[in-house]
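What follows is the residue order along each chain.
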There are 2 protein chains.
Amino acid sequence: MLTTPAYAAADANSPLAPHTIERRDPRAGEVLIDILYCGVCHSDIHQARDEWGGSIFPMVPGHEIVGRVAQVGEGVERFKPGNAVGVGCFVDSCRSCAQCEAGEEQYCTKGMVATYNGRERDTGAPTHGGYSTRITVKQEYVLRIPEALPLDRAAPLLCAGITTYSPLKHYGVKAGDRVAVVGLGGLGHMAVKLASALGAEVTVLSTSESKREAALQLGARDFAATRDPATFKQLANRFDFIVDTVSGEHDYNAYLSLLTVDGTMILLGIPEAPAPVAAGMLIMRRRKLVGSLIGGIRETQEMLDFCAEHGVASDIELIDIADINEAYERMIAGDVRYRFVIDMGSLKAEA
Amino acid sequence: MLTTPAYAAADANSPLAPHTIERRDPRAGEVLIDILYCGVCHSDIHQARDEWGGSIFPMVPGHEIVGRVAQVGEGVERFKPGNAVGVGCFVDSCRSCAQCEAGEEQYCTKGMVATYNGRERDTGAPTHGGYSTRITVKQEYVLRIPEALPLDRAAPLLCAGITTYSPLKHYGVKAGDRVAVVGLGGLGHMAVKLASALGAEVTVLSTSESKREAALQLGARDFAATRDPATFKQLANRFDFIVDTVSGEHDYNAYLSLLTVDGTMILLGIPEAPAPVAAGMLIMRRRKLVGSLIGGIRETQEMLDFCAEHGVASDIELIDIADINEAYERMIAGDVRYRFVIDMGSLKAEA
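Conventions and cut-offs
- Residues numbered from 1 in each chain as written.
- Chains lettered and ligands numbered in written order.
- Predicted model: local features only at pLDDT ≥ 70, side-chain atom pairs only at ≥ 80, totals over all residues.
- Heavy atoms only, no water.
- Helix = DSSP H or I, 4+ residues; strand = E, 2+ residues; numbered from the N terminus.
- Contact = heavy atoms within 4.5 Å.
- Areas by Shrake-Rupley, 256 points an atom, 1.4 Å probe, with all protein chains shown as cover.
- Lys, Arg positive; Asp, Glu negative; His and termini not counted.
- Charge placed at Lys NZ, Arg CZ, Asp CG, Glu CD.
- Least-squares fit on C-alpha atoms with pLDDT ≥ 70 in both.
- Phe/Tyr/Trp six-rings, centres within 6.5 Å; stacked < 30°, edge-to-face > 60°.
- Buried < 20%, exposed > 50% of the residue type's maximum accessible area, 1.4 Å probe, protein only.
- Pairing = 2+ DSSP bridges.
- Polar contact = N/O pair within 3.5 Å; in protein donor to acceptor, adjacent residues only side chain to side chain.
- Axes fitted to C-alpha atoms, helices over the stretch in contact; angles between N-to-C directions.
- Patch = residues over 30% accessible without salt bridge, like charges linked within 9 Å, V, L, I, M, F, W, Y side chains within 5 Å.
- Salt bridge = Lys/Arg side-chain N within 4 Å of Asp/Glu carboxyl O.
- Arc of directions from axis to C-beta.
- Parallel < 35°, antiparallel > 145°, perpendicular 65-115°, else oblique.
- Nonpolar A, V, L, I, M, F, W, Y, C, P; charged D, E, K, R; others polar.
- Left-handed = near helix turned anticlockwise from the far one by under 90°.

Q: What exactly am I supposed to notice about the overall build of chain A here?
A: When you go through chain A residue by residue, the secondary structure sums to 12 helices and 18 strands. Its C-alpha atoms give chain A principal-axis dimensions of about 60 × 40 × 35 Å. When contacts within chain A are restricted to residue pairs at least 6 apart in sequence, those whose partners lie at least 24 apart make up 67%. Here chain A has roughly 13500 Å² of accessible surface; of this, 47% comes from carbon and sulfur atoms. Distance between charge centres in chain A, computed from 34 positive and 45 negative side chains, equals 5 Å.

Q: Looking at this structure, how should I read the relation of the copies chain A and chain B?
A: A rotation about an axis combined with a shift along that same axis relates the two copies of the chain. Of the transformation placing chain A onto chain B, the axial shift is 0.0 Å and the rotation is 180°, giving an RMSD of 0.0 Å. On the angle and the small slide along the axis, the relation comes out as a two-fold axis. Across chain A, the smallest distance between a C-alpha and the rotation axis is recorded for Pro276 of chain A, namely 2.0 Å. Interface overlap between copies: 100% of the residues of chain A at the interface are likewise at the interface in chain B, consistent with a symmetric, same-surface contact.

Q: Explanation requested: the packing of aromatic side chains in the structure shown.
A: Residue and element names in this part refer to chain A. Evaluation of the coordinates by the stated rule reveals 6 aromatic pairs over all chains. Ring centres of Tyr165 and Phe306 lie 5.5 Å apart, and the angle between their planes is 50°; on these two criteria the pair is classed as tilted. With Tyr165 in helix α4 (residues 160–170) and Phe306 in helix α10 (residues 297–310), the pair connects residues that are 141 residues apart, well separated along the chain. For the pair Tyr165 and Phe306, a shared accessibility class is recorded, and that class is buried.

Q: Sorry if this is basic, but what is going on with the pairing of strand β14 (residues 259–267) of chain A here?
A: A regular strand places its side chains so that they alternate between the two faces of the sheet. Residue and element names in this part refer to chain A. Taken across its 9 residues, β14 has 8 buried, putting it largely inside the fold. As defined by bridge partners, strand β13 (residues 239–244) adjoins β14 across 5 bridges and the pair is classed as parallel. Paired with Asp244 across the strands is Leu267, a residue of β14. As paired strands, β14 and strand β16 (residues 288–291) are joined by 4 bridges and run parallel to one another. Along β16, the bridge assignment pairs Met265 with Leu289.

Q: Just checking my understanding: could you explain the side chain of Glu64 of chain A for this structure?
A: Residues and elements named next belong to chain A. Looking at the element boundaries, Glu64 is found in the loop between α1 (42–48) and β4 (65–72). Among the residues examined, Glu64 registers a relative accessible area of 0% and is labelled buried. Reaching out from Glu64, the side chain makes a polar contact with the backbone nitrogen of Ala160 at a distance of 3.2 Å. Glu64 has contacts with Tyr37, Cys38, Gly39, Val40, Cys41, Val87, Ala155, Pro156, Leu158, Cys159, Ala160 and Arg339, leaving out every residue within four places of it along the chain.

Q: Sorry, what's going on with the sheet that holds strand β13 (residues 239–244) of chain B here?
A: Consider a sheet: its strands pair through backbone hydrogen bonds, and that pairing is either parallel or antiparallel. Strand order across the open sheet formed by 12 strands is β12(A)-β11(A)-β10(A)-β13(A)-β14(A)-β16(A)-β16(B)-β14(B)-β13(B)-β10(B)-β11(B)-β12(B), with mixed pairing between neighbours. Looking at the sheet topology across the chains shown, the edges are occupied by β12 (222–225) of chain A together with β12 (222–225) of chain B. The average undirected angle you get between the axes of adjacent strands in this sheet is 20°.

Q: For this particular structure, what's the right way to read a negative patch on the surface?
A: Residue and element names in this part refer to chain A. Together, Asp320, Asp323, Glu326 and Glu350 make up a region of like negative charge exposed at the surface. Relative to the elements of secondary structure, Glu326 occurs in helix α11 (residues 324–332). Looking at Glu326, the relative accessible area reads 51%, which means it is exposed.

Q: Whenever I open this one, α11 of chain A confuses me. Can you help?
A: All names here are of chain A. If you check which residues of α11 are buried, you get Ile324, Ala327, Tyr328 and Met331. Seen along its axis, α11 keeps its buried residues to an arc of 105°; they face one direction. In this structure, the buried side of α11 is in contact with β1 (2–9), β2 (16–23), α1, β17 (316–319) and β18 (339–343). Just downstream of α11, Gly334 is the residue with a positive phi angle, here 75°.

Q: Is there a simple way to explain the packing of helix α4 (residues 160–170) of chain B against helix α10 (residues 297–310) of chain B in this structure?
A: Helix-helix packing: each pair is described by the crossing angle between the helix axes and the interaxial distance. Residues and elements named next belong to chain B. Contact geometry of α4 with α10 gives a least axis separation of 10 Å together with a crossing angle of 100°. In terms of orientation, α4 and α10 fall into the roughly perpendicular class. Side by side, α4 and α10 meet where Gly161, Ile162, Tyr165, Ser166 and Lys169 of the first sit next to Glu299, Thr300, Glu302, Met303 and Phe306 of the second. By residue class, the composition of the contact of α4 with α10 is 4 nonpolar, 3 polar and 3 charged.

Q: It is not clear to me how the pairing of β13 of chain B should be interpreted in this structure. Could you clarify?
A: Residue and element names in this part refer to chain B. With 5 of 6 residues buried, β13 lies mostly within the body of the structure. Of the pairings in the sheet, the one linking strand β10 (residues 178–182) to β13 comprises 4 bridges and is parallel in character. For Val182, the partnering residue across the bridge sits in β13 and is Asp244.

Q: Got a minute to help me understand the packing of α4 of chain B against helix α5 (residues 186–197) of chain B in this structure?
A: Residue and element names in this part refer to chain B. At a minimum axis separation of 8 Å, α4 and α5 run at an interaxial angle of 50°. Compared by their axis directions, α4 and α5 come out oblique. Note on packing geometry: the crossing formed by α4 with α5 is right-handed. Together, Ala160, Gly161, Thr163, Thr164, Tyr165 and Leu168 of α4 and Gly186, Leu187, Met190, Ala191, Leu194 and Ala195 of α5 make up the contact between the two elements. A class-by-class count of the residues in the contact of α4 with α5 yields 8 nonpolar, 4 polar and no charged.

Just distances and angles here, no functional claims.
Shown next, in the form of structure tokens:
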């Protein structure tokens, strides 16, 4: 076993604090990774504070992991020490259900094993995430990070990137399509970049006019403030797709009215309360309201390669691990452009 | 002009009563039809009672029209006197928007002209429907009724038939798919017949066990009573498609939970109040909530030909026009298997 420094939440009410975990030596088919960077996802906060229920403590969050291979187990041919690699939201799945066989492990019938706050399939031991200096992962769940990508800015691609890329590809966004992105946070800013890289004409819809310049800098062609009711009249029936990244309460029907015939609204955020949907909004123009959950391993690799080819990466604020609790508060206040990434060198130095 | 007996609602609070309308002599490209049968759609009641607002009175309802060509205007080559023909929910559209060009006139950007309670594109004159002995319609909006179909049982295909056939085809229902049909009325019974004819394994979901036998007779493989909460546990994640024909209030999330990964719930009914949708229900298994509105002319013809080939027609109760007000009350009480059709001979005899 490998004694490993980490940051953990001891319970739902405690701030994250230094902690020590054990990582296993890589077994056959496994890869030991020295973690260099870990992105900070809003779901880290939800789970560390047990806001979704069922959290396992002590919890080491983090599922936007980038590092280098330190050691490989027997039979590992895909990776060798020194390779830049990534780990996303899950580290295992059943590998035999229809979804796993289709490369869509995120919908595994038996349930994927979450990178943290999950349980290993064999032992039931809790999994621990990327707020730590190393991790041991089965090679099938390890991604290659292309050389063209900066490692720190690649970390958020493992969750925010694939969560937005997967539905854009699955629902067929293509060059020339009119795509609205609702909300300009970690997911939203990646949706703007990725949809633009796919050739779509992107409009950012955000509450206040203050984000216009930032939206255009990210690649959006247009911007509209949703606090202005005129926006919904002006943009009625306009978009082929809406990527809705907002998890706060908002009026789905107002956004559905912006879709053209056969348009698709993709939900990525989960508001606390179910939102009313008027059937007529869907029926009268054959609109679709759909969801999408991260993405499979194959598609995540495709997304990383796509980002390298198109020069896409996350906009980040690099922080030390000691600043993680403050970062959580700033994220809750919407004060980050657009993703915090922990420099794990700061944890090594601390330890 | 052709003085024509009809039944009309004088205003939102009056029962239907004998009335006289003028039909135009067929102009170039138009067809004069002697109406033999007209199905009674629930939307006839909503509009005759102005429950959706904006109704035009006096109103002659009816958009499930079957008859025979009496006379054709100049240049009509598709039809000749004596042909069995049908008219559905609309009699005109702009013919130049993307939707019209794609043969999906029901989504015409400028708005289709409803068969009744609409206004002619040129004159703005109110349109009058099939509760009358004849109608003059542009040939492009007239359907051929295949000889194999009984004319009375074909009438409801023009609305209930195409409303269910179009989404089954558009969303790709195929042999072996597991399809649930929610509600066993005019639309629901057609959805069971059509999905079964497409080779799907159909399960009817209805409030009470009393409809089991009827559901199986229509071609369903299975039945489940939705008043029993165990139904939703037993059938969780089971269906590829749900065809939801219910316009009363019901819990969308409970039905969404019955869809498998990538499953589609098709809304055809419009409840009065918007229904809450939990984003997680769509996200966690990439489910889709969609709508669909009747169907285009080309697809309606395809549906009629499909029905003729597969021996599918509506189950009906044939009534005299004098019984229409009583029929409305029985429909509101859910007391019809499964569609009333007016024998228009009874109006001719009356007039």
